[in-house]
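The primary structure of each chain is shown beneath.
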Amino acid sequence: MIEIKQCDLLIVGAGPAGLAAATTAAQLGIETLLLDEQQAPGGQIYRAITETPVKNRAILGEDYWHGASLVEPFKQSGAHYQPGATVWAIANHTAPDAAEGFEVGYSVAGQASMLHAKHILLATGAQERPFPISGWTLPGVMTAGAAQILLKSSGMLPGQRTVLAGCGPLLYLVAWQYLNAGIAVDAILDTTPTGRLTKALPHAWGFLRSPYLIKGLKLLREVKSRVRIIQGVTAFEALGENKVEKVRYTAHGKTVTIPVDQLLLHQGVIPNINLAQAAGVEQRWNKLLLCWEPVVDAWGNTNVERLSVAGDGGGIAGALAAENSGRIAAYEIAMQLGSIVRGQRDAQSASARAQLDRAVRGREFFDTLYQAPDQFRMPVGDTVVCRCEEITASQVRETVKLGCPGPNQMKSFLRCGMGPCQGRFCSVTVTEMIAQERGVSPEEVGHYRLRFPTKPLTLGELAALPQTDDSRKAVIRMKKPV
């Protein structure tokens, strides 16, 4: 564990945004520290890029291997790096002699530490949208992203009879990577609603000029030539006793049951906002992506002074967009810290800005086409919604009928969102379900109010934190008789 107690810039997350920002900032002379939960850089999209056992580049594709081009410049930049680090608290300084910036709590291998940073950049990336169907908690059911992580990080592949279900580009990318690895995919249950392409057509011009067109068409053609695609799926559930054994789906009015050993679910990604949310960053409801996202300006600034957000953690746009938004944020931070002036910021970030603009072309087309259907976002009956506390959809809906107006009040009724994940896996689902029951917008319902620590922390870790003069004086004052 590195011994750094203070830095000019702390970056959380070593995905494309974090790596690019750390490299840029360090090259501008800013003392930079990058903390990341994983044991190697790359984030989720470039997971295990420096140590993956998958050596055949054709399996994962060249887009994955692009991540290697971010790692080497980062290593040469002079930025400090601590893998395996979980950030669990961010607070403004309270000590008079350290009033500028933040005090950050994080842990590595069960050992907690405190760090002082003048500026923080959150590059926490994306997470998969919850897919609460009946049976999604059975062993053998996982997200497509989780299956992809297993392939990237350890070369692990499933057994026989694999079915993918949902909508979105990642669903077909994972199928393509599995096929490249020699693993058969029995079927893809595509839940994209009929007529959605027509709705997306007004945004087609941007898509036709985007880098996604040729790659996407080629990938789809290869997958469709080798996998049975079942389109128009309007309902499905996982069945089994101690593990998933079957999938029952309905398409075009016909219900079919097929045997499976593994079911991979996916219906898009949403920003990972827990840390930003707990730090006080203002959130807004994205009406197209149907999720909460931080309010950031064109330079990554938020309503919290000297706390920035870059990459998919600030709005879903993909890996290349995240990379360039990280660079742009680094130039802005360098200006705020006095390393460069405004003119230098604008000139030096121009290339990244142009690449960002190109990378986000066509996003409206994708986001409209693959918007997750209502019935797969807002479940009914005994389907589990909050996995931590095992709260079902019917419990949530009945609680709203009792007068519960929002997710924070729901905690008092059901402990929904109070488990170890602090609502990371149920937040958008609960917000939308409450809004649906009340007949109002998600904005009116609101989101969970999060507090630190944002990740599980043992009392032993807290007790082992080094004591400061201010903390000792506070304890002494508490011991004095009143």
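Whatever comes next refers back to the structure up there.
Draft legend 1. The overall build of the protein, seen in detail. Of the regular secondary structure elements, the protein holds 21 helices and 21 strands. A compact globule built from 482 residues should have a C-alpha radius of gyration of about 23 Å, and the protein, at 23 Å, falls within 12% of that. Taking the principal axes of the C-alpha coordinates as reference, the protein spans close to 70 × 55 × 40 Å. Across the 482 residues of the protein, 54% fall into the buried class. Relative to all contacts within the protein whose residues are 6 or more apart in sequence, the contacts with residues 24 or more apart total 67%. Total accessible area on the protein is roughly 21,500 Å²; 53% of this is exposed by carbon and sulfur atoms. Charged side chains in the protein number 48 positive and 43 negative. The centres of these two groups are separated by 3 Å.

Draft legend 2. Geometry of the environment of Ala109. Mapping Ala109 onto the fold places it in the loop between strand E5 (102-108) and strand E6 (111-122). Along the backbone, Ala109 and Thr192 are 83 residues apart, and their C-alpha atoms lie at a distance of 42 Å.

Draft legend 3. Geometry of the side chain of Gln127. Here Gln127 is to be found in strand E7 (residues 126-128). For Gln127, a relative accessible area of 9% puts it in the buried group. A distance of 2.8 Å separates a polar atom in the side chain of Gln127 from the backbone oxygen of Arg424. Every residue in contact with Gln127, bar those within four places of it in the chain, is listed here: Val269, Ile270, Pro271, Asn272 and Arg424.

Draft legend 4. Structural context of the sheet that holds strand E12 (residues 233-239). Spatially, E12-E13-E14 is the arrangement adopted by the three strands of the open sheet, whose pairing is antiparallel. Since the sheet does not close on itself, it has two edges, and those belong to E12 and strand E14 (254-259), each with one partner. Put simply, the sheet's adjacent strands are angled 15° from each other on average, direction ignored. Across six bridges, the pairing between E12 and strand E13 (residues 246-251) is antiparallel. Each bridged residue has a counterpart across the sheet, and for Leu239 the counterpart in E13 is Lys246.

Draft legend 5. The arrangement of the nonpolar core in detail. Core analysis: the biggest nonpolar cluster contains 52 residues, and Leu121, Leu164, Tyr178, Ile188 and Val223 have the highest contact counts within it. Among the elements that line this core, the one with the most residues is helix H6 (residues 169-180), at eight residues.

Draft legend 6. How the structure looks around the sheet that holds strand E10 (residues 187-190). Strand order in the open sheet made by the five strands is E8-E15-E9-E10-E11, with parallel pairing throughout. Looking at strand neighbours, the two that pair on one side only are strand E8 (141-143) and strand E11 (228-230), the edges of this open sheet. For this sheet the average axis-to-axis angle between neighbouring strands, irrespective of direction, equals 20°. The sheet contact formed by E8 and strand E15 (residues 262-267) spans three bridges and is parallel. Within E15, the residue paired with Met142 across the bridge is Leu264.

What counts as what
- Residues numbered from 1 in each chain as written.
- Predicted model: local features only at pLDDT ≥ 70, side-chain atom pairs only at ≥ 80, totals over all residues.
- Heavy atoms only, no water.
- Helix = DSSP H or I, 4+ residues; strand = E, 2+ residues; numbered from the N terminus.
- Rg over C-alpha atoms; globule rule 2.2 N^0.38 Å.
- Buried < 20%, exposed > 50% of the residue type's maximum accessible area, 1.4 Å probe, protein only.
- Contact = heavy atoms within 4.5 Å.
- Areas by Shrake-Rupley, 256 points an atom, 1.4 Å probe, with all protein chains shown as cover.
- Lys, Arg positive; Asp, Glu negative; His and termini not counted.
- Charge placed at Lys NZ, Arg CZ, Asp CG, Glu CD.
- Polar contact = N/O pair within 3.5 Å; in protein donor to acceptor, adjacent residues only side chain to side chain.
- Pairing = 2+ DSSP bridges.
- Axes fitted to C-alpha atoms, helices over the stretch in contact; angles between N-to-C directions.
- Core = buried A, V, L, I, M, F, W, Y, C linked by side-chain atoms within 4.5 Å.

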